[in-house]
Amino acid sequence: MKKLFLFIFFFGISAAGFCQLKSNSFEEIEALQQNQKRKIIVFIHTDWCQFCQRMKVTTFKNKEIIEKLNSDFYFIDFNAEEKRDITFNKQLFKYKPSGNNVGVHELAMQLGTINNQITYPTLCVLNEKNEIIFQYNLYLGTKDFKVLLDKLKE
């Protein structure tokens, strides 16, 4: 009985591990694109945004979405208030403070600005040449996100 319990316990952990969303950094994308060309989906969010957090625990925990993102796209989970310098597309982007403990990363502004403003969450889709081909700045539930991924795959 003890062996059966251990088997089920370890199998459960292993099975859960297979269904994890793989998130890449901007710096990794260049090398990945040389091996296999894919569209890039950038999820731009903040820690304080309730809709961003909701997408993280619902949309991005869905097994079907995880499988599609992992197999067909490169995914970047990007906090817009990231403070480290990021080199992407042969350009250096920095965090720009705008007050006490407040600011936004230049790369978040570059990728997430729609109609001269940035709101959260924002999805930015880049083609294989790192060009913006789609932006969306509202909460996307599981059903709508699946439809979007299917359209992007075409």
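Residues numbered from 1 in each chain as written. Predicted model: local features only at pLDDT ≥ 70, side-chain atom pairs only at ≥ 80, totals over all residues. Heavy atoms only, no water.

K.L.:
I'm lost on helix α6 (residues 142-153) in this one. Help?
P.N.:
Each full turn of the α-helix corresponds to 3.6 residues, which orients residues three or four apart in the same direction. Here α6 contains twelve residues, and its C-alpha end-to-end distance of 16 Å stays within 8% of the 16 Å for a straight helix at 1.5 Å per residue. The complete set of buried residues in α6 reads Phe 145, Leu 148, Leu 149 and Leu 152. One side of α6 carries all its buried residues, which in axial view fall inside an arc of 100°. Facing away from the buried side of α6, by more than 90 degrees, are the exposed residues Lys 143 and Lys 151. In the core, the buried residues of α6 are packed alongside β1 (39-45), α4 (63-72), β2 (73-79), β7 (122-126) and β8 (132-136). (Helix = DSSP H or I, 4+ residues; strand = E, 2+ residues; numbered from the N terminus. Expected span 1.5 Å × (residues − 1). Buried < 20%, exposed > 50% of the residue type's maximum accessible area, 1.4 Å probe, protein only. Arc of directions from axis to C-beta. Contact = heavy atoms within 4.5 Å.)

K.L.:
Looking at this structure, how should I read the pattern of salt bridges?
P.N.:
Think of it this way: side chains of opposite charge can pair up when their charged atoms draw near. Throughout the structure, instances matching the rule amount to eight salt bridges. One salt bridge in this structure joins Lys 146 and Glu 64, with 3.1 Å as the shortest N-O distance. Of this pair, Lys 146 sits in helix α6 while Glu 64 is found in helix α4, placing the two residues 82 residues apart along the sequence. Look at Lys 146 and you get partly exposed, because its relative accessible area is 21%. On the basis of relative accessibility, which here comes to 37%, the residue Glu 64 falls in the partly exposed class. (Salt bridge = Lys/Arg side-chain N within 4 Å of Asp/Glu carboxyl O.)

K.L.:
In this structure, what is going on with the side chain of Thr 59? I would like to understand it.
P.N.:
Topologically, Thr 59 is positioned in the loop between α3 (50-57) and α4. Once residues within four sequence positions are removed from consideration, Thr 59 is found in contact with Arg 54, Ile 65, Tyr 139, Leu 140, Gly 141, Thr 142 and Phe 145.

K.L.:
Teacher, can you tell me more about the pairing of β2 here?
P.N.:
As a general feature of sheets, a regular strand has side chains that alternate between the two faces. Buried residues dominate β2, accounting for six of its seven residues. Alignment of β1 against β2, held across seven bridges, turns out to be parallel. Note on β2: the bridge partner recorded for Phe 43 is Asp 77. (Pairing = 2+ DSSP bridges.)

K.L.:
Help me out: how do you make sense of the state of the cysteines in this one?
P.N.:
Here a disulfide denotes one covalent bond, and it connects the sulfur atoms of two cysteines. Taken as a whole and assessed by the stated rule, the structure comprises one disulfide. Covalent S-S linkage joins Cys 49 and Cys 52, the inter-sulfur distance amounting to 2.5 Å. Disulfide Cys 49-Cys 52: torsion about the S-S bond near 85°, hence right-handed. We classify Cys 52 as buried; its relative accessible area is 0%. (Disulfide = S-S within 2.5 Å.)

K.L.:
Even after reading the chapter, I still don't get helix α2 (residues 26-35), so can you show me in this structure?
P.N.:
Those residues of α2 not exposed but buried are Phe 26, Ile 29 and Gln 33. Down the axis of α2, the smallest arc covering the buried residues is 25°, so these residues share one side. More than 90 degrees from the buried face of α2, the exposed residues found are Gln 34 and Asn 35. Packing partners of the buried residues in α2 comprise β1, β2, β3 (86-88) and α5 (106-112).

K.L.:
Sorry if this is basic, but what is going on with the environment of Val 104 here?
P.N.:
For Val 104, the location among the structural elements is in strand β6 (residues 102-105). A relative accessible area of 18% places Val 104 in the buried class. Those residues in contact with Val 104 that sit more than four places away from it in its chain are Ala 80, Lys 94, Tyr 95, Lys 96, Met 109 and Tyr 120.

K.L.:
Looking at this model, I keep getting lost on the nonpolar core. Mind explaining?
P.N.:
Proteins that are soluble and globular tend to have nonpolar side chains buried together. Ranked by internal contacts, the top residues of the largest apolar core, which has 37 residues, are Val 42 and Ile 44. Once residues lying within four places of it in the same chain are set aside, the contact partners of Ile 44 are Phe 78, Ala 80, Ala 108, Leu 111, Gly 112, Ile 118, Tyr 120, Pro 121, Thr 122 and Cys 124. (Core = buried A, V, L, I, M, F, W, Y, C linked by side-chain atoms within 4.5 Å.)

K.L.:
When you look at the packing of aromatic side chains in this model, what are you seeing that I'm missing?
P.N.:
Aromatic ring pairs are defined here through the distance separating the ring centres and the angle between the ring planes. Within this structure, the stated rule accounts for eight aromatic pairs. An angle of 90° between the planes, with centres 5.8 Å apart, marks the rings of Trp 48 and Tyr 120 as edge-to-face. Highlighted residues: Trp 48 in the loop between β1 and α3 and Tyr 120 in the loop between α5 and β7, separated in sequence by 72 residues. Three or more aromatic residues joined by ring pairs make a cluster, and in this case those are Phe 43, Phe 60, Phe 75 and Phe 145. One cation-aromatic arrangement involves Arg 54 over Tyr 139; the distance from NZ or CZ to the ring centre is 4.4 Å. (Phe/Tyr/Trp six-rings, centres within 6.5 Å; stacked < 30°, edge-to-face > 60°. Lys NZ or Arg CZ within 6 Å of the ring centre and 35° of its normal.)

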